[in-house]
Amino acid sequence: MIVSCSNNETSQPQETIPSSNKDLQSLILDYRGEEYNTSISNTSVTNSSEFPFLAEQVLVNSIQISENASVNLNVGQTLNIGESPFIITVTAEDGVSKDYTLSIIKDEGLQIEPNTNIENGSSYSLQSSDVYVDGAQLTQDFDRFHLSAYADFDNDGNTDFLLSSGLFQSFDYSPISLYLGDGSGFDSDYCECGGECSGFSCTSFSELESALPNGYEGLQHPRKILTGDFNGDNLIDAFIIGVGYDADPFPGESPVLLINNGNGFNYEKLSNVLGFFHGGSSADFDNDGDLDIFINGNPSNMESVFLINDGAGNFTQTSEYIDEEFHLNTKYYTSEFVDVNSDGYIDLIIAGHEHEGAITYILWGNSSGKYYKDLSSAIPSLNGYNIVVDIDAIDIDNDGDKDLILNRVDSNNFYKNYYLQIVENEGGNSFTDVTANSISNNTGNDWYIWVHIQDLNNDGNSDIYLENNHRTNLKWFGDGNGNFAQ
């Protein structure tokens with residue numbers, strides 16, 4: 001028997017089996033408009049390149065999964081990095097799911113641990129003295145200017161006095177000299193040991209003639225001396241920063257490192273570090289047990305430079321630990337390392353010519369070891385006195401946090417008049433100018449290179465001392481509540 005089928009006969013439909021594919025095929029994240037690819041290995045997902053240290057949130061830029069599957073992420077969704085790792089669930093068409101773990105990796109930098117003693121041994125912590133000396137009177141050399149540093153260089157318990165001299169707008173090199181103290185000197189006012197000058201016959205300091213090796217080369221225009229134990233032998237060393245010839249073409253000069261040998265100093269000029277370096281500070285900013293150095297100034301090829309210590313007093317130059325915008329075309333001339341907020345990380349205060357764009361900042365120290373503009377607080381400026389030449393930070397009102405004293409000079413009459421500004425720490429990294437209510441007679445003629453904040457009269461309260469060679473040094477005494485009077 002023959003059976004035939006008509007063309008009009010209806011065929012039976014085939015049953016569709018749901019897909020079981022549940023793969024995450026690609027994931028691209030976004031931070032501030034930049035795409036970050038991820039790598040997928042089995043069920044682990046990580047970003048292929050690290051996000052910046054300051055990144056807190058990223059966006060889902062694109063995601064690809066198996067056809068007909070679904071996922072618990074959406075394009076444009078925000079992911080808080082602090083909540084990483086994330087579980088990404090891809091569900092197949094048949095309802096079976098597969099979990100992937102997304103771990104977002106940031107550049108954690110040096111991963112510094114906080115240290116409550118981070119200021120110990122820093123140049124800032126060592127800058128105060130029990131005596132201030134007029135270098136011009138002591139040397140009887142009135143043609144040169146003299147920069148000073150105070151420390152017990154010979155470990156006899158008395159404060160000694162290191163001088164680095166210079167000539168304005170000269171290519172000549174000027175001497176460096178060390179004077180040892182006998183403990184009987186006191187604050188000077190035009191005279192080496194204070195009081196009335198009498199033929200410059202004070203005997204509280206005597207020059208150590210052999211303090212430096214024969215044939216050493218001083219500096220043309222020294223600008224700041226940093227003291228500290230740079231090689232870890234429990235002797236105080238010195239690092240002298242200079243600007244060189246202070247006019248066009250501003251060729252700059254190299255800093256000098258003086259390593260204390262117990263009978264004076266070994267001398268080294270860091271010839272590979274060259275610039276118009278005007279300010280600086282030293283501290284163990286990376287908390288590895290030795291003192292590093294930050295120097296800054298303009299104009300220089302690289303205007304914000306870190307010198308990283310290997311522990312033995314050998315330094316490597318780098319600029320990687322500060323935002324690029326502070327490298328070039330800045331007008332920052334002074335800086336201090338201070339743990340302003342007492343969080344165990346050393347903060348970097350930078351200042352200079354505010355009228356030329358150099359906003360005074362506290363760049364907050366952090367576990368990465370890098371200083372960011374996005375992690376900073378701006379300090380109130382002052383019209384007419386927009387040049388900051390020196391900074392000090394101490395708790396002036398005994399409320400448990402560090403306040404700021406800024407030594408300013410006239411920006412309209414270039415480097416002619418001084419102004420002391422007092423800035424109150426309000427907590428929460430916020431600062432307020434309280435000068436008008438806190439100090440009187442805080443402005444006058446001339447300008448002063450250094451401001452010191454310390455207890456000058458031993459009453460337990462912070463006082464203010466303005467110092468400069470061959471000028472009447474000025475004092476304001478504090479009442480412990482943040483108020484100062486001469």
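All figures in this text were calculated on a predicted structure; none of them were measured in a lab. (Residues numbered from 1 in each chain as written. Predicted model: local features only at pLDDT ≥ 70, side-chain atom pairs only at ≥ 80, totals over all residues. Heavy atoms only, no water.)

Caption draft 1: Seen up close, the layout of surface pockets. The space that makes up the largest pocket amounts to roughly 870 Å³. Forming the walls of the largest pocket are 31 residues, and the residues nearest its centre are Phe 168, His 221, Arg 223, Asp 246 and Trp 447. If you list the elements that add at least two residues to the lining of the largest pocket, you get strand E9 (145-151) and strand E13 (222-228). A per-element tally of the lining of the largest pocket places E9 first, with four residues. Within the lining of the largest pocket, the residues separate by chemical class into 16 nonpolar, ten polar and five charged. As a volume, the second largest pocket reaches approximately 170 Å³. Considering the residues around the second largest pocket, the lining is formed by Pro 52, Phe 53, Asp 107, Gly 109, Leu 110, Glu 320, Tyr 321, Ser 368, Lys 370 and Tyr 372. For the lining of the second largest pocket, the residue count by class is five nonpolar, two polar and three charged. (1 Å grid on protein atoms, 1.4 Å probe; cavity = no way out; pocket = protein on both sides within 12 Å on 5 of 7 lines; lining within 4 Å. Points joined across faces, edges and corners; volume = space filled by probe spheres on them. Helix = DSSP H or I, 4+ residues; strand = E, 2+ residues; numbered from the N terminus. Nonpolar A, V, L, I, M, F, W, Y, C, P; charged D, E, K, R; others polar.)

Caption draft 2: Broad picture of the side chain of Asn 386. Looking at the secondary structure, you find Asn 386 in the loop between strand E24 (376-378) and strand E25 (387-394). Looking at Asn 386, the relative accessible area reads 11%, which means it is buried. (Buried < 20%, exposed > 50% of the residue type's maximum accessible area, 1.4 Å probe, protein only.)

Caption draft 3: Region of interest: the sheet that holds strand E23 (residues 361-363). Strand order across the open sheet formed by four strands is E21-E22-E23-E24, with antiparallel pairing between neighbours. Of all strands in the sheet, those with a lone pairing partner are strand E21 (332-338) and E24, marking the two edges. Averaged over neighbouring strand pairs, the angle between their axes works out to 20° when direction is ignored. Note: E21 against strand E22 (residues 347-352), six bridges, orientation antiparallel. From the neighbouring strand, Ser 335 faces E22, where its bridge partner is Ile 350. (Pairing = 2+ DSSP bridges. Axes fitted to C-alpha atoms, helices over the stretch in contact; angles between N-to-C directions.)

Caption draft 4: Representation of the pairing of strand E11 (residues 176-181) within the structure. Of all six residues that make up E11, five are buried, and the element is covered over most of its length. Direction of pairing for strand E10 (residues 160-166) relative to E11: antiparallel, over a ladder of four bridges. Considered in E11, the bridge of Phe 161 is made with Tyr 179. Bridge count between E11 and strand E12 (residues 205-207): three bridges; the pairing is antiparallel. Each bridged residue has a counterpart across the sheet, and for Tyr 179 the counterpart in E12 is Glu 207.

Caption draft 5: A look at unusual backbone geometry. With an omega dihedral of 10°, the bond running from Ser 84 to Pro 85 counts as a cis peptide bond. Locating Pro 85 in the fold gives a position in the loop between strand E6 (78-80) and strand E7 (86-91). Look at the link from Asp 248 to Pro 249: it is a cis peptide, with omega at 10°. Assignment of secondary structure puts Pro 249 in the loop between strand E14 (237-242) and strand E15 (256-260). Phi is positive for Phe 250, close to 50°, though the residue is something other than glycine. Note on placement: Phe 250 falls in the loop between E14 and E15. Backbone geometry places Tyr 415, a non-glycine residue, at a positive phi of 50°.

Caption draft 6: Representation of the pattern of salt bridges. This model, assessed by the stated rule, comprises eight salt bridges. The partner of Asp 374 in a salt bridge is Arg 32, with the nearest N and O atoms 3.7 Å apart. Within this pair, whereas Asp 374 is found in the loop between E23 and E24, its partner Arg 32 is found in the loop between strand E1 (24-31) and strand E2 (34-41), the two being separated by 342 residues in sequence. Looking at Arg 32, the relative accessible area reads 67%, which means it is exposed. (Salt bridge = Lys/Arg side-chain N within 4 Å of Asp/Glu carboxyl O.)

Caption draft 7: Inspection of the environment of Asp 455 at higher detail. Within the element layout of this structure, Asp 455 appears in the loop between strand E30 (450-454) and strand E31 (463-467). Note on Asp 455: relative accessible area 29%, which makes it partly exposed. Taking the C-alpha atoms as reference, Asp 455 lies 21 Å from Leu 226; in sequence the two are 229 residues apart. A polar atom in the side chain of Asp 455 sits 2.9 Å from the backbone nitrogen of Asn 458. A distance of 2.7 Å separates a polar side-chain atom of Asp 455 from the backbone nitrogen of Gly 460. (Polar contact = N/O pair within 3.5 Å; in protein donor to acceptor, adjacent residues only side chain to side chain.)

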